[in-house]
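Coordinate analysis (summary)
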Amino acid sequence: MALTDSSVMPWMVKNPGPIVENTWKGDSSSTYAHGQLLKKSVAGTVVPVTAGHATHGIHAIFEDADQTATDTGGFVTIREITEETRFMVQLHHTTGSSAVATQAMIGDQYEIDVADTTDYIWTVDLEATTNADVEITDIWDNSMDFDTSSDASGNFGLVEVKITPNKIDNVPA
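Let us look at the structure shown here. (Residues numbered from 1 in each chain as written. Predicted model: local features only at pLDDT ≥ 70, side-chain atom pairs only at ≥ 80, totals over all residues. Heavy atoms only, no water.)

Considering the packing of aromatic side chains
- As enumerated under the stated definition, the model contains one aromatic pair in all.
- Ring centres 5.4 Å apart and planes at 75° place the aromatic pair phenylalanine 87 and tryptophan 122 in the edge-to-face group. Of this pair, phenylalanine 87 sits in strand S9 (residues 86-92) while tryptophan 122 is found in strand S11 (residues 121-125), placing the two residues 35 residues apart along the sequence. When sorted by exposure, phenylalanine 87 lands in the same class as tryptophan 122, which is buried. (Phe/Tyr/Trp six-rings, centres within 6.5 Å; stacked < 30°, edge-to-face > 60°. Helix = DSSP H or I, 4+ residues; strand = E, 2+ residues; numbered from the N terminus. Buried < 20%, exposed > 50% of the residue type's maximum accessible area, 1.4 Å probe, protein only.)

Right, dumping it as structure tokens:
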């Protein structure tokens, strides 16, 4: 079965930050899901990242064994993101063009696209480079997790990325 656009939930693959409890509160109106990218709000809470494009204050991912929490104004358990944290993330083209991972992409910076707010999937948007959120750090040999007989070009492949330093713990926009 071939990968389809925005179908793979990102996951931490290297250097996860510490799990932090009893420090950050939810905003009392958001739904949080395990693995969801979070940012600091100007109100001092953590809120889901719902778009890329100059998002600042990216801080953590939601880390909760219950998988989801709705309308939480209490403390939420997070896993911090550091400059050394790496994620495996799917490539994406906003216009629906193919998105093929190549070794030449290592070091390139792109914006994220929160393509699926229901399943909390965020991807690397190959068409958006103006306000980079992530940098591609590696293309694993096995990152093309697809059936070559149905998708020989490797569309919507997986890449290893880090959140760009200017987006981590920065002042919320």
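Details of the pairing of strand S6 (residues 58-62)
- In terms of burial, S6 is a largely internal element, five of the five residues being buried.
- Of the strand pairs in this sheet, strand S4 (residues 37-40) and S6 are connected by three bridges, and their pairing is antiparallel. Bridging across to S6, leucine 38 finds its partner in alanine 60. (Pairing = 2+ DSSP bridges.)

Observations concerning the side chain of threonine 45
- Along the chain, threonine 45 turns up in the loop between S4 and strand S5 (46-48).
- According to the relative accessible area criterion, threonine 45 is buried, its value standing at 14%.
- Of note is the side chain of threonine 45, whose polar atom sits 2.7 Å from the side chain of serine 41.
- Beyond its immediate stretch of four places on either side in the chain, threonine 45 contacts Trp24, Lys25, Gly26, Asp27, Lys39 and Lys40. (Polar contact = N/O pair within 3.5 Å; in protein donor to acceptor, adjacent residues only side chain to side chain. Contact = heavy atoms within 4.5 Å.)

Looking at the nonpolar core
- One finds Ile81, Phe87, Trp122 and Val124 to be the most contacted residues of the largest nonpolar core, which totals 26 residues.
- Contributions of two or more residues to this core are made by S6, S9, strand S10 (109-116), S11, strand S12 (134-138) and strand S13 (158-163).
- Membership of the second largest hydrophobic core comes to nine residues, among which are Trp24, Phe62, Val76 and Ile78. (Core = buried A, V, L, I, M, F, W, Y, C linked by side-chain atoms within 4.5 Å.)

These values are about where atoms sit, not about what they do.
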